[in-house]
Each structure stands twice: as structure tokens, then as C-alpha cells.
Amino acid sequence: LDLAMVEEFLNSRGKKEIHARTLYKWLFRRNKGGTSTARDNAWTPQDLPEGLSIDLRAALVAEFALTTSKVIERSDSTNGGFKLVVQLQDGHLIETVVIRHEHLSTSNVRHTICVSSQVGCAKGCTFCATGTMGLRADLSAGEIAEQLWHAQLALKE
């Protein structure tokens, strides 16, 4: 769900661009899209914020995919963290890692999400699988943001 494309879509229908920002806040900041249908990249007009008209919600659902990538594998670690293998729209695979941190004195838990910004790596380190494949592509801002989306959904499971 690309912000610029949504803004252009709204402009072409005489709607204000602010609706696109409302949608983004709803999806990412409040993580309201974290439903079982969102995991399948399917959504309905009822899944979208009530502040948008039903016609606009229906048009958005018809025109846009929620995400262009999908999680194809999850590997859990013994400490509560996990790694996601994410398949991009072009078929390339990347990894997103969620690291669990527990504060020793308070037992408060927080998570760090490590996202990929490229497919492959130009360093060429022989001890690293990613390094041996060479640099294949830079990720778009949307592909990077989608990794956060997938990690947030996985943390809810």
C-alpha cells in the first residue's frame, strides 16, 4: 500500500490526500490491519476506518493490495525471538528478525525488529550466505515498511 499511489488515487476521485494519511495511521500506528484477513493480504471495506465513506473504502479495497510481500517461513528461537523469511513481489527472499529483550529487574519485555534494506550484500563475505550472493536489489520504502507490518502481525500470534 504505497502512500503516494493512494494519494494520487484519491486526487483522481476528487478526494483529499489527508484520507491517505488517515489510512496509514490507522494501519501502521494503531496496527488495526492486524487481522486474520490481513495476514492473507485480503481486506474488505469493513476492515478500513469508519472515517472514510463506504464508497471510498470499497474503491480502495478494489484498487490496492494491503501488502505486496508475504511471509513464507517463520523460525522461532529459544529466547522468544524469531526470523521471518519474506517473499517480495518480484520473488526475491529477504529476512526480518525480531529480537526479544527482557529487562532483568522489571521483567518488562520489548522487541527490536531488524529489517532488510537490500536483497543480497555487496561485501562478499564468504562466511555469510547473504554476502556470497552479491547485491541484487535495493528495497523500496514500502517493502521495508511491510517488514514491520509482518513482524507486528507475527508478534500478535
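The coordinates are above.
None of these values were measured; they are calculated from a predicted model.

Turning our eyes to something else, we now look at the nonpolar core. Where a protein is soluble and globular, its nonpolar side chains tend to be buried together. The biggest cluster of nonpolar side chains holds 17 residues, and the ones touching the most others in it are L27, W43, L48 and L60. Of all elements in the fold, only α1 (3–12), α2 (18–29), α4 (54–63) and α6 (141–156) reach the threshold of two or more residues within this core. If you tally residues by element for this core, the top one is α2, at 4 residues. Among residues more than four places away in sequence, those in contact with L60 are V6, F9, L23, W43, L48 and L52. Within the second largest apolar cluster, 10 residues are counted, among which are V98, L139, A151 and A154.

Another point: the pairing of strand β4 (residues 109–114). When strand β3 (residues 93–102) meets β4, the two strands line up antiparallel, connected through 6 bridges. Across the sheet, residue E102 finds its bridge partner in β4, namely V109. Counted between consecutive antiparallel strands, the loop separating β3 from β4 contains 6 residues, among which S107 sits at a positive phi close to 65°.

As a further point, take the packing of aromatic side chains. On inspection of all chains with the given rule, the structure shows 1 aromatic pair. Between F9 and F64, the aromatic rings sit 5.2 Å apart at their centres with planes inclined by 85°, giving edge-to-face as the arrangement. You can see F9 sitting in helix α1 and its partner F64 sitting in the loop between α4 and β1 (70–76), a full 55 residues away along the chain. Take F9: its relative accessible area is 7%, and that puts it in the buried class. The aromatic ring of F82 is capped on one face by R74, whose charged end is 3.9 Å from the ring centroid.

What follows covers the pattern of salt bridges. Under the criterion given, the structure shown has 3 salt bridges. Of the charged contacts, one joins D76 and R74 as a salt bridge, the two residues approaching to 2.7 Å between their closest N and O atoms. What makes D76 exposed here is its relative accessible area of 55%. When the shortest N-O distance is used, the salt bridge between E102 and R100 registers 3.2 Å. Taking the relative accessible area as the measure of exposure, R100 reaches 30% and is therefore partly exposed.

When we look at burial in α1, the residues that qualify are V6, E7, F9 and L10. Across the axial projection of α1, the buried residues extend over an arc of 160°, all falling on one side. Of the exposed residues in α1, those oriented more than 90 degrees away from the buried face are E8 and S12. Following α1 by one or two positions, G14 adopts a phi angle in the positive range, close to 75°.

Checked against the element boundaries, S116 lands in the loop between β4 and β5 (118–120). Polar side-chain contacts of S116 include one of 2.6 Å to the backbone oxygen of E95. For S116, the contacting residues outside a window of four places in its chain are I94, E95, L139, I144 and Q147.

What counts and how
- Residues numbered from 1 in each chain as written.
- Predicted model: local features only at pLDDT ≥ 70, side-chain atom pairs only at ≥ 80, totals over all residues.
- Heavy atoms only, no water.
- Core = buried A, V, L, I, M, F, W, Y, C linked by side-chain atoms within 4.5 Å.
- Buried < 20%, exposed > 50% of the residue type's maximum accessible area, 1.4 Å probe, protein only.
- Helix = DSSP H or I, 4+ residues; strand = E, 2+ residues; numbered from the N terminus.
- Contact = heavy atoms within 4.5 Å.
- Pairing = 2+ DSSP bridges.
- Phe/Tyr/Trp six-rings, centres within 6.5 Å; stacked < 30°, edge-to-face > 60°.
- Lys NZ or Arg CZ within 6 Å of the ring centre and 35° of its normal.
- Salt bridge = Lys/Arg side-chain N within 4 Å of Asp/Glu carboxyl O.
- Arc of directions from axis to C-beta.
- Polar contact = N/O pair within 3.5 Å; in protein donor to acceptor, adjacent residues only side chain to side chain.

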